[in-house]
Every structure is written in C-alpha cells, then in structure tokens.
Amino acid sequence: MPYKFVSKKKWDTEIAQKAMAAVEQITNEMGAEIHDDLMHRLVVFRFYFDRIERELNDPGQMEVLVTEMKSEFQDVVQSVRRISRQLMPAKMEQENFTKSIHLLCLSMERPGAGHIHFESSGTEMPISDMAETFLSRIVQELIHNAFKHSSAWHIWVRMIWASGQLTLEVEDDGTGFMEAAEVASQLNRKYNTLKMRSQAINASIHFENGTNGLLAKVSMGLSD
Ligand SMILES: Nc1ncnc2c1ncn2[C@@H]1O[C@H](COP(=O)(O)OP(=O)(O)OP(=O)(O)O)[C@@H](O)[C@H]1O
Ligand SMILES: [Mg+2]
C-alpha cells in the first residue's frame, strides 16, 4: 500500500488510523492483563479479610494466614510491576536500554508455556528516547505475535550492538499453520505497526526463515 501512488490526504488518514489502532491495541492488551491477572489476584486477596474475621481468635491460624497473605501480596506487586513495565518499557528505573529489553522479555515469559531467551553482545551506544520506546514496542509485538500465531515454546531475542548499527532479532520455534518462509514473505509485504514504528525511527525490519522458525531482524543505524 505505501508504495502505490495515493493522495496525501488519503495517506495521512491511513497513518492516523493505523496510529490510533496501535494505541487501541496496546490499551486492550493492558486491559486484558489487568483483568486476567491483577483482578484475579485482588479478588483472591479480598477473601483473606473474611478469613481474618473468622480466625481472629486463633493465633496459630492467624500466623498461617499472614504467611499466605505475604506471598500472595508479593504476587500482586509482581503483577503491577509487569503491567507498568509493559506500559512504560523504556527508561525504567534508570536502567540502560539493553537491560530494559531484557526486563521486557522477562515480563512476557509464560511460565510453563513459553520461554524467552535473551542474549546481547557488543557495547551499548546512546539512542534517542523515541527509538528506545519504539524498539521496545516492536520487540513486544514480535514476541506477542510468536506466542499468538506460531504456538512457540521458545523465543530468542538477540540484541547486537555493532559499530554503527544496532540489530534486534526475534526468532521463534513454531511455524503455526504456514511455513516460516511463507509467513516471512507475507510480513515483508505487509504495512503494519511494526513497519510504521520502524520507519518512524529510521530503522528497517525484515523477516526471514530462521533456523527454528520465523526470524525478524530490526536494524537501526547508530551515529558515533
Ligand atoms: N511469529 C509468527 N509465526 C507465524 N505466523 C506469524 C507470526 N507473526 C505473524 N504471523 C502471521 O502474520 C500475520 C500478520 O501479523 P500482524 O502482527 O501484522 O497482524 P496480527 O497479529 O494478525 O494482528 P494484530 O497485530 O493487529 O493483532 C498474522 O496474522 C499471522 O498469520
Ligand atoms: Mg500482531
């Protein structure tokens, strides 16, 4: 679509629609996370108050209850932390960008259902805040896609800082319904939020048939 001649107005409208759809999608994902994870934990926590009322006169039971509540509360804290990391992936707690991508990977792990392996090489170079935010969103969407469309068990996220260039790779080990090569060529042609965000920061995104499944490569020039 972007390579075909279209009027500026039509093009602007399309960009605006895609941008709004991207915002909507992230809001929905966060809503689902809050609903499925955090609300569930808070509801469980609510029942502790009923139990406290009942066990008030039994110090032994109260002790057991406090131990359980502490661990449950820790889970609530973890859940809020995970959601806030996904909402604000870059520049968390003064961490460097490599660390923040690593944390993003940890926050998207699916215990018992999907493992994300993170590797990095080279020395981190400064990049703009916008590049950090958009690259985080791109990695987030690539991981999301791998779990959603390929039923991946393993996802490898590699961050390669080379002289003059940063490359981020996301590879999965599932092919879903289609062959990875076919998915790659379809995605290379598609204008989606992955491409939009890459363009906005002068990066490029390319899909290919990797060793295990679909391999996405995002490259961005670095000025020194
Ligand atoms: N890791 C993957 N493995 C297999 N197929 C994939 C993978 N990533 C994407 N696809 C295929 O490419 C299509 C396009 O992906 P894209 O992210 O653009 O849209 P979507 O995930 O279907 O929708 P949205 O991202 O808007 O929720 C998917 O519908 C899926 O068929
Ligand atoms: Mg998607």
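So, a few notes on the structure that sits alongside this text.

Criteria and thresholds
Residues numbered from 1 in each chain as written. Chains lettered and ligands numbered in written order. Predicted model: local features only at pLDDT ≥ 70, side-chain atom pairs only at ≥ 80, totals over all residues. Heavy atoms only, no water. Core = buried A, V, L, I, M, F, W, Y, C linked by side-chain atoms within 4.5 Å. Buried < 20%, exposed > 50% of the residue type's maximum accessible area, 1.4 Å probe, protein only. Helix = DSSP H or I, 4+ residues; strand = E, 2+ residues; numbered from the N terminus. Pairing = 2+ DSSP bridges. Axes fitted to C-alpha atoms, helices over the stretch in contact; angles between N-to-C directions. Contact = heavy atoms within 4.5 Å. Patch = residues over 30% accessible without salt bridge, like charges linked within 9 Å, V, L, I, M, F, W, Y side chains within 5 Å. Areas by Shrake-Rupley, 256 points an atom, 1.4 Å probe, with all protein chains shown as cover. Salt bridge = Lys/Arg side-chain N within 4 Å of Asp/Glu carboxyl O.

Section: the nonpolar core
Considering soluble globular proteins, one finds that nonpolar side chains tend to be buried as a cluster. Counting 36 residues, the largest nonpolar core has I127, L135, I143, I155, V157 and F207 as its most contacted members. At the level of secondary structure, the elements contributing two or more residues to this core comprise α3 (97-108), α4 (129-150), β2 (154-162), β3 (165-172), α5 (180-189), β4 (203-209) and β5 (214-221). Element by element, the count of residues in this core is highest for α4, at eight residues. Among the nonpolar cores identified, the runner-up in size contains five residues, and I26, M30, V76 and I83 belong to it.

Details of the sheet that holds β4
Spatially, five strands are ordered β1-β2-β3-β5-β4 in an open sheet, and the strand pairing comes out mixed. With partners counted over all chains shown, the strands left at the sheet margins are β1 (115-121) and β4, one partner each. Strand-to-strand twist in this sheet, taken as the mean axis angle between neighbours without regard to direction, amounts to 15 degrees. Two strands pair when backbone bridges link them, and β1 and β2 are joined in this way by seven bridges, in the parallel orientation. Within β2, the residue paired with S120 across the bridge is M159. Seen against the sheet, α5 touches β4 and β5 and runs at an angle of roughly 155 degrees to β4.

Points about a nonpolar patch on the surface
Taken together, the side chains of I34, M39, L42, V43 and F47 present a nonpolar region at the surface, about 430 Å² in accessible area. In this fold, M39 is placed in helix α1 (residues 8-55).

Notes on the pattern of salt bridges
One pass over the structure, following the stated rule, counts eight salt bridges. A salt bridge links D75 to R41, with the nearest nitrogen and oxygen atoms 3.7 Å apart. Residue D75 is found in helix α2 (residues 59-87), and its partner R41 is found in helix α1; the two are separated by 34 residues along the sequence. Relative accessible area serves as the criterion here: at 32%, D75 is assigned to the partly exposed category. The salt bridge partner of E171 is R158, with a shortest N-O separation of 3.1 Å.

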